[in-house]
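# Architecture at a glance
For reference, the chains in residue letters:
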Amino acid sequence: MNGLSARPLGGGIMKQWSLFIDIEGFSKIYQAEKAKACKLLSGLMLDLYNIGTRIYPDYSNRLFIHQFGDGFIICPNPWDLNLVKPISIAIALMQATALRGGFAKAAISHGEMADILGWYPKEIRD
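Please read these numbers as outputs of a predicted model, since none were measured by experiment.

Pairing between strand 2 (residues 63-68) and strand 3 (residues 71-76): 6 bridges, direction antiparallel. Of the residues in strand 3, the one forming a bridge with Gln-67 is Phe-72. Connecting strand 2 to the antiparallel partner strand 3 that follows it, the hairpin turn spans 2 residues, and Gly-69 within it adopts a positive phi of roughly 65°.

Here you go:
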């Protein structure tokens, strides 16, 4: 047992959804047609930017978007439990990618996440 496992979580457990989306077959497309692969990835990136800045621009609706290679994980504010939002975002992104001549796959997860905010130094929390 390490020293951290005995410490209680600062904020406890919170419910949250996350959406993972990526370009289907990106590596093979990149090997065959670099320009097409880059067009698909930059299109997906621009779509995410537009959704975040035009559809959900307010603090209460903001999205946190993290890139992992040719994929992205999208998370909302912790109190946003509306599952219609990630389903709608996934559908829009998959359709836009198809219009560019590619395919995207998406996965939505929903459940408990450990809130480690209480472990942050007080100066950072404030």
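Here we take up the pattern of salt bridges. Counting across every chain of the model gives 3 salt bridges. Notably, a salt bridge pairs Lys-85 with Asp-80, separated by 2.5 Å at the nearest N-O pair. In terms of burial, Lys-85 and Asp-80 fall into one category: buried.

What follows concerns the packing of aromatic side chains. Scanning the entire structure with this criterion turns up 1 aromatic pair. Note on Phe-26 and Tyr-30: the rings are 6.0 Å apart at their centroids and 25° apart in plane angle, and the pair reads as stacked. Of this pair, Phe-26 and Tyr-30 both sit in helix 1 (residues 26-32), separated by 4 residues, roughly a single helical turn. Taking the relative accessible area as the measure of exposure, Tyr-30 reaches 36% and is therefore partly exposed.

Here we come to the environment of Ser-42. Mapping Ser-42 onto the fold places it in helix 2 (residues 34-55). Assessed through its relative accessible area of 42%, Ser-42 is described here as partly exposed. For the pair Ser-42 and Asp-70, spaced 28 residues apart in sequence, the C-alpha separation works out to 9.5 Å.

Rules behind the numbers
Residue indices follow the written sequence of each chain, beginning from 1 at its first position. Only residues with pLDDT of at least 70 are given local features in this predicted model, and only at 80 or more are side-chain atom pairs given and counted; all residues enter the totals for whole chains, interfaces and linings. Heavy atoms from the whole structure form the basis of all side-chain values; hydrogens and water molecules are not counted. For two strands to be treated as a pair, DSSP must find no fewer than two bridges joining them. A run of H or I in DSSP counts as a helix once it spans at least four residues, and a run of E counts as a strand once it spans at least two, with each numbered from the N terminus. A carboxyl oxygen of Asp or Glu within 4 Å of a side-chain nitrogen of Lys or Arg is what we treat as a salt bridge. Throughout this description, buried means an accessible area under 20% of the type-specific maximum (1.4 Å probe, protein chains only), exposed means over 50%, and partly exposed covers the range between. Side-chain rings of Phe, Tyr and Trp (the six-membered ring for Trp) are treated as a pair once their centres are within 6.5 Å; stacked means planes under 30 degrees apart, edge-to-face means over 60, and tilted covers the remaining angles.

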